[in-house]
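Structural characterization, general
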Amino acid sequence: IATDIPDFDSYYTDQRPLNQQRQEVVEKSLVLTSTTKRGEFQYSNLGYIVAGAMLEKVTGNSWELLMQSYLFDSLAMSQAGFGAPETGGSLAEPVGHVPDAGGWYPVDPSVESITDNPPVYGPAGTVHASLDDMAAYLSVHLKGLRGETVDGFLTGQEFSKLYTPFPNSTYALGWEVYDTFIVHDGSNTAWYAIAIVNAEKNTALFVVTNAADDLTSPGSIVTKAFNGLLLELIVRAEASVL
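It should be emphasised that the depicted structure is a prediction, and the values quoted were computed from it without experimental measurement. (Residues numbered from 1 in each chain as written. Predicted model: local features only at pLDDT ≥ 70, side-chain atom pairs only at ≥ 80, totals over all residues. Heavy atoms only, no water.)

**Description of the overall build of the chain**
Stated precisely, the cut-off is as follows: The helix and strand labels rest on DSSP assignments: H or I over at least four residues marks a helix, E over at least two residues marks a strand, and numbering proceeds from the N terminus. Under the scheme applied here, a residue whose accessible area is under 20% of the maximum for its type counts as buried, over 50% as exposed, and between as partly exposed, the area being computed with a 1.4 Å probe on protein chains only. We call two residues contacting when some pair of their heavy atoms lies within 4.5 Å. Using a 1.4 Å probe, accessible areas were evaluated by the Shrake-Rupley method; residue-level cover was limited to the displayed protein chains.
The helix and strand tally for the chain stands at six helices and eight strands. The order of α-helices and β-strands along the chain, N terminus first, is α-α-α-β-β-β-β-α-α-β-β-β-β-α. Within the chain, the fraction of its 242 residues that count as buried is 36%. Sequence separation of at least 24 residues holds for 50% of the intrachain contacts in the chain that already meet a minimum separation of 6. Split by element, the accessible area of the chain, about 14000 Å² in all, is 55% carbon and sulfur.

**With respect to the pairing of strand S2 (residues 96–100)**
Going by this rule: When DSSP locates at least two bridges between a pair of strands, those strands are taken to pair.
By the bridge criterion, five bridges tie S2 to strand S3 (residues 103–107) in an arrangement that is antiparallel. Bridge assignment links aspartate 100 to a residue of S3, and that residue is glycine 103. In this structure, the hairpin formed by S2 and S3 is closed by a connection of two residues, where alanine 101 is found at a positive phi of approximately 50°.

**Describing the sheet that holds strand S5 (residues 176–177)**
Operational definition: Fitting a line to C-alpha atoms yields each axis, with helices limited to the stretch in contact; the angle taken between N-to-C directions then spans 0 to 180 degrees.
Sheet architecture is open: four strands sit in the order S5-S6-S7-S8, paired in antiparallel fashion. Because the sheet does not close on itself, it has two edges, and the strands there are S5 and strand S8 (203–209). Here helix H4 (residues 131–145) sits on the sheet and contacts strand S6 (181–187), strand S7 (192–198) and S8; the angle it forms with S8, its principal contact strand, is near 145°.

**Some remarks on the nonpolar core**
Applicable threshold: What we call a nonpolar core is a set of buried Ala, Val, Leu, Ile, Met, Phe, Trp, Tyr and Cys residues that are connected through their side-chain atoms within 4.5 Å.
Among the nonpolar cores identified, the biggest contains 21 residues, and Leu71, Phe153 and Trp175 are the most heavily contacted of them. Listing elements by their share of this core, those giving two or more residues are helix H3 (63–72), H4 and S7. The residues contacting tryptophan 175, other than those within four sequence positions of it, are Tyr137, Leu138, His141, Tyr163, Thr170, Ile182, Val183, His184, Ala195 and Val197. Counting ten residues, the second largest nonpolar core, distinct from the first, contains Ile5, Phe8, Ile49 and Ala124.

**Some thoughts on a nonpolar patch on the surface**
We apply this condition: Only residues whose relative accessible area exceeds 30% and that take part in no salt bridge are eligible for patches, with like-charged residues grouped when within 9 Å of each other and nonpolar side chains (Val, Leu, Ile, Met, Phe, Trp, Tyr) grouped when within 5 Å. When a carboxyl oxygen of Asp or Glu lies within 4 Å of a side-chain nitrogen of Lys or Arg, that pair is called a salt bridge.
A cluster of nonpolar side chains, Phe41, Tyr43 and Phe166, forms an exposed patch at the surface whose accessible area comes to about 250 Å². Looking at the element boundaries, phenylalanine 41 is found in the loop between helix H1 (18–29) and helix H2 (45–59).

**What about H3?**
Here is the rule we go by: Picture the helix axis, draw a direction to every C-beta atom, and the arc is the one those directions span.
Listed as buried for H3 are Trp63, Glu64, Leu66, Met67, Leu71 and Phe72. Across the axial projection of H3, the buried residues extend over an arc of 155°, all falling on one side. Lining the buried residues of H3 we find H1, H2, strand S1 (81–82), strand S4 (127–128) and H4.

**Topic: the environment of glutamine 15**
Residue placement: glutamine 15 occurs in the segment before H1. Along the chain, glutamine 15 and proline 119 lie 104 residues apart, while their C-alpha atoms are 9.8 Å from each other.

**Observations concerning the confidence of the model for the chain**
Here is the rule we go by: Predictor confidence is given residue by residue as pLDDT, running from a minimum of 0 to a maximum of 100.
Averaged over the chain, the pLDDT score is 85; the fraction of residues at 70 or greater is 89%. Across the chain, the secondary-structure element scoring lowest on mean pLDDT is helix H6 (residues 221–240), at 73, and the one scoring highest is H3, at 96.

As structure tokens, then:
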């Protein structure tokens, strides 16, 4: 995993160009001992950083510029960007929270780096977006899941490749794939979000919160809240298409 790289925390404050940092991460990752046998699937944030570095090497552009050009601009995601969603200090948007002594501690992204992953982490998850942006993004995946082509973005065949799981796995290129729907969720430790796109029901659900705890814990407050809200949204979504 990415945090296995020696001195990974130093990337929080590293001021070098991001493509240089990512190239260094690739070089450091190649000497790590693998924890998975060749041919077996294991999710890895580090793998996405390596993939981003590969794109930077081939195109000569930063991953951030590629995302802006090929995704944000193509889908008119005008409020999408990188890093924590509010860094100007105005606190006009909800700030992230981390667990603290049984409660929650707000973290101000204008002064605290712990509110997000380090920028080098980008391809593994440093994008923020408004709800309108996410609606635009998920709507094209709803079309793609139905095998449709989205002009100026991806063909039906390209979408199909995105949704083809690794052998003996339900995980594809960024999505957990099931019979009629796809799922992706993630956290940067201060926010948590989940997206569910269901082609059969013709629905796309997105839920986000500005707090995150240990999501794998049976007592996870965030997980319990999300599960309850998702069940309610699924019921309402299914009722709306009847």
